[in-house]
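Remarks on the overall topology
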Amino acid sequence: MAASKLFSEFQSSNGKYYKIEIWDEDYSGTSPDEFNVAGNGFELTYSGQTDNVYSPIIGSSVSFGLYVQDAPTIALVANLKQYQQDRFYLKIYRGNDAASATFFWGGYIVQDIIEIEDVSQPFVMTIQATDGISKLKDTLCGTSFFRQFTNQFINALDQVGVLGIYEATDPVLAVVCNWWAQEMTYNINTNPLDEVFADFHAFDTIDEQGFYTNKNWFEILSQMCTIFGLRFYYSNGQYRLEQLFERDGSFVEHTYQKDKTKIGATSAVNYTKTLDQTTNKARLAGNIFNFLPAVNDVSITLNQESKAMEGVTWNNSNDPDLAIGLVSSALQNQMSFVFNHQIKLFVDVNVNQNNIFAKLKLNVELFDFNNNVTYYLKRTFSGMTPSAPVWTTTQSGSGYEILVGSFIEFKTQQAITGYTEVYQIGGPTTIVTPTIPADGDMSINWDFVGFVNTNGSVRGLNIGNSSSYKMTLQSVNSSFGSIQNQTTRIRAVSPNADINGLVSYELPETSIFTGQGERGSLVKQTDVGGLLIKVPYTNWREGNSGSYQSIQRLMCQEFLKLMDEPVQKYSGQMFSSHNFRQRLTFDGNNWIQLGGTYNANRDEWDGEWFVINRAVITPTFDDDIFVNTEMSFGNVNGSTGGVSFDGVDAVNLDTNVLDVTTTANVGTDLDVGGNTGLTGSLSVTGGSTLQSTSVGAFTTTQQVSVTINNITGTPGGSETLTLNDHFNFISYSGGNGTYTITLPNADSGVIMRFKTDDTVAANKTITLSPQSGQRIDAESTYAMDRSYDGITLLGNNSNWFIIQKKEK
């Protein structure tokens, strides 16, 4: 139980009353001993950035001299030498007299910067304590997944161990924020940050075993402050999270206890003090007015790299469940995953030389929190032929299957005793999902299914042989511009033609933003019957009027307004006992403090201030997207205008022009995202899959095969086809009735074919039904009610036309 063990009282030269209490976590007494403080009383220092109007986090510290001259002070010296920090802390009170004194500052004593005079008693021991903000750099954030903004600042203070200074009902945190998302309902008594959640995995990196490496709280809170233009600091006995732009006028302040309970909201707050050169309100001689230059533009870099996913590895001994995070279904979004696979087969016992393939399965789960439904990605193989990937709500049998091969379970070097033949195949694997069916949380992992023969049957390895697999994640992308593997610079440019310096102001990089709902975006989270529903925020504005825009643009715009003209700055000493949070008024302007030191004995500040004033401007924006690509190669032969390579081994190779003058051997997959021009012949000995391909004159000397979509109709049943189902073979099972097949949208130039077998009859009918508003030869449906019927449809101008049919 902590209690005050030592105390000192003094009055400043201006008659201000101060009391310093030294509290001991291991002391439970009720009679503290008094000590004498050195001549300066104490000094309170704030460490804001010089020549910068914005410091997202500003820490404070107090130092004072204590005379060591009696048993209690000698015991304190001994204890400070013996015990590490977090045992002793300060409480400082201030007032016009002892009766009116209120809590002014609190912080833990830092043992490693205590100084003791090397003289006989009485001697001075210099003690320094910090408000805990500086300790944020030494404390890793253990928070993950979606967390509320306001609470995280209290959680951070709790983790660095400073909340024990405060009573349960003390107003530990004050919040000032007036930015509102389009999805929010404006209410002057509501703190918008209470409705903001972010996925804290956006700040993390992941090692190849899938373990997260956390950042420290200082780095994370700095980013959280930056995205809203907040300053986090300590003043007048409470921590403050304050939107800088609101200090140009009055504001609403929300206060919270250390258990995160909201105390209330206070309107029309400004904390202003006028320096009118009277008692305790004067600027001293020798001070300086100067200027920071006006800026031409303000920018911020949004880091959307796959730092928290890239490199995660699955193998025989490591099977992580990787949380992709919130994925949006907007604008027909699709996700693509690129992995590097490495499959090894170790052969000690010969079986045969038949080709076999390694089958692996990517398990993708998408939890639709709005409807409490889980979707599973599914693709299977029939022999060597894959099915079309689909989303299903049935987990059994799901998973996206791939085949890697071929291998043979047979040694070529049979004559060597004890020799193990190792077959290895490696390369990239790209998986693209169908359209995301709903907003939700996505996670993935890999399973090694086993080996299969060319007909798809399972091939168990001989007991003397073995295998290993390794899948390494290279990138995760969405349809919204490689959201997980790029950086975006957002820049607001001033319309002020008088700015000639072309000075740019760059805000710190951030990993949180407003967007389509991917990892890192800001969301609203609502608990409905225990189900957490997340809705991505889109655009923002200040207050209850004006146009909405992305929070990145709003932030750049508001900082540009502060610096659209040369920013007046003031440096020097002031005879004033104001708090750091107070806005000073003098020389016809309002001034916000950047940093400085307060001497309690003289009631004087020595610091820096800047004029806060927002210009009325409408900036223009130019955003730049930088996609991060990687290329690795070996043996560069020369560089003569171009570069030629010998033995290039590239997992991902992006190039504008690639000229191969001799032979290019591709050991596994060749993925071409752009156009491919061939002036010679193209010889394909294996299978070839072409999508969205335009072919001119085409000659084939062998068979042409199509993928058959087998349909089994049932009474009263139905299904919807996609344009991939271009050749459909139909059978019927069950009693009399009608089975309805809904056609896809009739895109121009698309051909679809349908053929029935002998199970379809007059009372066992298949009905083809186009999309709403579309027709088949001007009819709303087409019935297939005979055995061995056939029909070919051509899509054109959003309708289907029969170009061939057969009725037996």
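Residues numbered from 1 in each chain as written. Predicted model: local features only at pLDDT ≥ 70, side-chain atom pairs only at ≥ 80, totals over all residues. Heavy atoms only, no water.

**Some words on the sheet that holds strand β19 (residues 262-269)**
Pairing is mixed across the open sheet formed by five strands, whose spatial order is β16-β17-β11-β18-β19. At either margin of the open sheet sits one strand with a lone partner, and together these are β16 (230-235) and β19. Strand-to-strand, the axes of this sheet are offset by a mean angle of 20 degrees, without reference to chain direction. Where strand β11 (residues 173-176) and strand β17 (residues 238-243) come together, four bridges link them in parallel fashion. Bridging from a neighbouring strand, L173 pairs with Y239 of β17. Contacts from helix α2 (residues 149-160) reach β11, β16, β17 and β18 (251-256) within the one sheet, and its direction differs from that of β11 by about 150 degrees. Contacts from helix α3 (residues 217-228) reach β16 and β17 within the one sheet, and its direction differs from that of β16 by about 120 degrees. (Pairing = 2+ DSSP bridges. Helix = DSSP H or I, 4+ residues; strand = E, 2+ residues; numbered from the N terminus. Axes fitted to C-alpha atoms, helices over the stretch in contact; angles between N-to-C directions. Contact = heavy atoms within 4.5 Å.)

**Overview of the packing of aromatic side chains**
The description of an aromatic ring pair rests on the distance of the ring centres and on the angle between the ring planes. Within the structure shown, the criterion is met by 40 aromatic pairs. Both rings, one in F245 and one in F559, keep their centres 4.9 Å apart while their planes meet at 75 degrees; by these two values the pair is edge-to-face. Of the two residues, F245 sits in the loop between β17 and β18 while F559 sits in helix α4 (residues 551-562), which places them 314 residues apart along the sequence. Of the two residues examined, F245 and F559, each falls in the buried class. (Phe/Tyr/Trp six-rings, centres within 6.5 Å; stacked < 30°, edge-to-face > 60°. Buried < 20%, exposed > 50% of the residue type's maximum accessible area, 1.4 Å probe, protein only.)

**Section: empty space enclosed by the protein**
Tallied over the entire structure, the rule returns two cavities of 30 Å³ or more. When its volume is computed, the second largest cavity comes out at roughly 50 Å³. Lining the second largest cavity are L44, Y46, F104, W105, S235, N236, H578, N579, F580, Y598 and W605. Residue classes in the lining of the second largest cavity are distributed as seven nonpolar, four polar and no charged. (1 Å grid on protein atoms, 1.4 Å probe; cavity = no way out; pocket = protein on both sides within 12 Å on 5 of 7 lines; lining within 4 Å. Points joined across faces, edges and corners; volume = space filled by probe spheres on them. Nonpolar A, V, L, I, M, F, W, Y, C, P; charged D, E, K, R; others polar.)

**Thoughts on the confidence of the model for the protein**
Model confidence for the protein is summarised by a mean pLDDT of 83, while 84% of its residues fall at 70 or above. Residue range residues 629-663 is modelled with pLDDT below 50. Its contacts to residues more than four positions away, or to other chains, number 29 contacts. (pLDDT = per-residue confidence, 0-100.)

**Quick look at the nonpolar core**
Membership of the largest hydrophobic core comes to 118 residues, with the highest contact counts inside it found for I22, F42, F64, F228, F232 and W540. Among all residues touching F64, those that are not within four sequence positions of it are I20, I22, F35, V37, G41, F42, L90, M125, T126 and I127. The next biggest cluster of nonpolar side chains, apart from the first, holds 40 residues, and it includes V312, V364, F407 and L473. (Core = buried A, V, L, I, M, F, W, Y, C linked by side-chain atoms within 4.5 Å.)

**Regarding helix α1 (residues 71-82)**
Because an α-helix completes one turn every 3.6 residues, residues spaced three or four positions apart along the sequence face the same direction. Between its first and last C-alpha atoms α1 spans 16 Å; for 12 residues at 1.5 Å apiece the expected length is 16 Å, and the two agree. Every buried residue belonging to α1 is among T73, L76, V77, N79 and L80, and all of these are buried. Along the long axis of α1, the arc covered by the buried residues comes to 165 degrees, so they all point the same way. Across from the buried face of α1, at angles greater than 90 degrees, the exposed residues are A71, K81 and Q82. (Expected span 1.5 Å × (residues − 1). Arc of directions from axis to C-beta.)

**Re a nonpolar patch on the surface**
Together, V706, I708 and F729 give the surface a local cluster of nonpolar side chains, amounting to about 260 Å² of exposed area. Positionally, I708 belongs in the loop between β49 (642-645) and β50 (709-713). Note on I708: relative accessible area 48%, which makes it partly exposed. (Patch = residues over 30% accessible without salt bridge, like charges linked within 9 Å, V, L, I, M, F, W, Y side chains within 5 Å. Areas by Shrake-Rupley, 256 points an atom, 1.4 Å probe, with all protein chains shown as cover. Salt bridge = Lys/Arg side-chain N within 4 Å of Asp/Glu carboxyl O.)

**A closer look at the packing of α2 against α3**
Orientation of α2 relative to α3, taken along the N-to-C sense of each, is 155 degrees, at an axis distance of 11 Å. Looking at the two axes, α2 sits roughly antiparallel to α3. Remark: the crossing between α2 and α3 carries left-handed chirality. Of α3, the residues touching α2 (which contributes F149, Q152, F153, N155, A156 and Q159) are W217, L221, M224, C225, I227 and F228. Looking at the contact of α2 with α3, its residues break down into nine nonpolar, three polar and no charged. (Parallel < 35°, antiparallel > 145°, perpendicular 65-115°, else oblique. Left-handed = near helix turned anticlockwise from the far one by under 90°.)

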